[in-house]
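# Geometric and topological summary
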Amino acid sequence: MTPTLSGIERATIAAIRFLGARLPPLAAWVRGKAQGYAAQALEAYLGGNRDRAESGYRRALAWDPHNADLYAALGQVYYEMGRTGDAEALFHKALDYDYQNLRALQGLGLLLQDRGGLDQAMYFYLRYLEIQPRDANVCLNLGVIFHNMGNYEKALEYYARAEKEAPEDPIAPKNQALALIALGRFEDAETVLERARKVSPADGEIDGLMGQVLEAHGDNEGAAIYYGAAIQKGPGDTQAHLNLARVADRLGRPQEAVSHAEAALELFRKAGDTAGTALAYWELGWAYYRLGDWDRSLQASTESMKLNPDQATVRFNRALALLQLGRSAEAREEYLYGIDRVTQASELKSDAINDLSDALKRNPNLAGGEEMLAMLKEKYAAWSRDIAQSAKQSVNRSNPPTA
């Protein structure tokens, strides 16, 4: 990219550079001019004035147009200004002059990672680490790339490298814990999180992750304690509120579940997070159902359904509330709608059949309940037969009969 200067300025600078190539003292003066503008640009950049930094680096490049570091520095300015196309061009230009330019390699990695080009970003990060293998930030970013690609073992390798180089930074162990949770290695995740807590005891996110580990273990009491600690340290932690609402319900504390579901709902709505709001309404609807407040349960589930109409479980929750309110025809419609959107037989069993069976145990005279339960069981049985038949056909294809 050629710096934008007036025609007279460009011609003058070009003439001086031409003479400088033949006159060493003049060449030194030219380099000094470029360094002077680069110093001004750096000062502006460090002071947060990116417009002045841009101007300074462009003038420096006019005096020294083959300087890879200047192209990389201006590319960084453009990246932070959101001008990613210009930044990418400048990073590549820097690598044309110096294929090992670290700032350009890292800049392209960040830019491409932001854009979702994980394979390309990985290429530039790996090139960077060949030269600078102990850079914690690049190791961390490479770990994130492997994590997002589902390669958790490889992600753990780079997270561990990042933590080794920056042991005071809790991000790497937190990411390690997420990868370990994904791999089902819960005890290892606990060990890593305990290490992170020692480094950053005020970080509520660590407590939230510990809660997830304990919840996955089935320790809802322990999970509730850690989710509560996460909320104490960060009252605006929407996920911790939502998680605590869920485990409070499992522990038979529906009023607590309502309180935290409402807190999560308010936070998600303020943030404009539609998906989160739908989840909070879902949890709130179920918490109200467990309290026996059928009207509020129906209202909350309806709001969740409006935001995400394809949630089968919310449809089943809504059907339960409608049955309790004596509106069996509407409940049947909700069950039918939900059945069409179930993706797994186990979901139909746990979220529809089991919950309706429990409701009938509590109230055997629930109007329309037995009819709905029979319909759900019939659908589940048919689905199970289809799965078994498909599995049998698959085995037969894999083992054809011999003559």
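Each value, and the rule that gives it
Residues numbered from 1 in each chain as written. Predicted model: local features only at pLDDT ≥ 70, side-chain atom pairs only at ≥ 80, totals over all residues. Heavy atoms only, no water. Phe/Tyr/Trp six-rings, centres within 6.5 Å; stacked < 30°, edge-to-face > 60°. Buried < 20%, exposed > 50% of the residue type's maximum accessible area, 1.4 Å probe, protein only. Helix = DSSP H or I, 4+ residues; strand = E, 2+ residues; numbered from the N terminus. Expected span 1.5 Å × (residues − 1). Contact = heavy atoms within 4.5 Å. 1 Å grid on protein atoms, 1.4 Å probe; cavity = no way out; pocket = protein on both sides within 12 Å on 5 of 7 lines; lining within 4 Å. Points joined across faces, edges and corners; volume = space filled by probe spheres on them. Nonpolar A, V, L, I, M, F, W, Y, C, P; charged D, E, K, R; others polar. Salt bridge = Lys/Arg side-chain N within 4 Å of Asp/Glu carboxyl O. pLDDT = per-residue confidence, 0-100. Axes fitted to C-alpha atoms, helices over the stretch in contact; angles between N-to-C directions. Parallel < 35°, antiparallel > 145°, perpendicular 65-115°, else oblique. Left-handed = near helix turned anticlockwise from the far one by under 90°.

Evaluated as defined, the whole model comprises six aromatic pairs. A ring pair is formed by Tyr289 and Trp294, whose centres lie 5.1 Å apart and whose planes are at 50 degrees; its orientation type is tilted. By relative accessible area, which is 10% here, Tyr289 ends up buried. Using a relative accessible area of 25% as the deciding quantity, one classes Trp294 as partly exposed.

Another point: helix H9 (residues 152-165). Across its 14 residues, H9 extends 20 Å between first and last C-alpha, which sits within 8% of the 20 Å expected from 1.5 Å per residue. If you check which residues of H9 are buried, you get Ala155, Leu156, Tyr158, Tyr159, Ala162 and Glu163.

With respect to the element layout, Phe268 can be found in helix H15 (residues 254-271). For the pair formed by Phe268 and Asp237, sequence separation is 31 residues and the distance between their alpha carbons is 9.9 Å. Not counting chain neighbours up to four residues away, the residues in contact with Phe268 comprise Thr238, Leu242, Asp273, Gly276, Thr277 and Ala280.

Turning to empty space enclosed by the protein, a few remarks are in order. Inspection of every chain in the model, using the stated rule, returns one cavity of 30 Å³ or more. Taken as a whole, the largest cavity spans an internal volume of roughly 50 Å³. As for the largest cavity, its lining consists of Ala136, Asn137, Leu140, Ala162, Ala166, Asp169 and Ala172. When residues of the lining of the largest cavity are assigned to their parent elements, the largest contribution, three residues, is made by helix H8 (residues 136-148). Taken together, the residues that form the lining of the largest cavity break down as five nonpolar, one polar and one charged.

Once that is clear, we can look at the layout of surface pockets. What the largest pocket holds in volume is close to 340 Å³. Around the largest pocket sit 14 residues that line it, and Arg246, Trp282, Glu283, Trp286 and Thr313 are the ones nearest its centre. With six residues, the single largest contributor to the lining of the largest pocket is helix H14 (residues 238-250). Among the residues making up the lining of the largest pocket, the classes are represented as four nonpolar, four polar and six charged.

So, on to the pattern of salt bridges. Opposite charge on two side chains permits pairing when their charged atoms draw close. Counted according to the given criterion, the structure contains 27 salt bridges. We note a salt bridge from Asp207 to Lys233, for which the minimum N-O separation is 2.6 Å. One end of the pair, Asp207, is in helix H12 (residues 204-217); the other, Lys233, is in helix H13 (residues 220-233), with 26 residues separating them in the sequence. Classification of Asp207 by relative accessible area gives buried; the value is 1%. Take Lys233: its relative accessible area is 36%, and that puts it in the partly exposed class. For Glu256, the salt bridge identified is with Arg253, shortest N-O distance 2.7 Å.

Attention shifts here to the confidence of the model for the protein. Of the residues in the protein, 87% have a pLDDT of 70 or more, and the chain-wide mean is 88. Here helix H1 (residues 7-20) is the element of the protein with the lowest mean pLDDT, 45, and H13 is the one with the highest, 97.

Okay, the packing of helix H11 (residues 186-199) against H12 next. The N-to-C vectors of H11 and H12 enclose an angle of 160 degrees; their axes lie 10 Å apart at closest approach. Here H12 runs roughly antiparallel to H11, going by the angle between their axes. Both H11 and H12 take part in a crossing whose hand is left-handed. In this structure, H11 uses Phe186, Glu187, Ala189, Glu190, Leu193, Glu194, Ala196 and Arg197 to contact H12, whose residues at the interface are Ile206, Asp207, Leu209, Met210, Val213, Leu214, Ala216 and His217. Of the residues that constitute the contact of H11 with H12, the class distribution is ten nonpolar, one polar and five charged.

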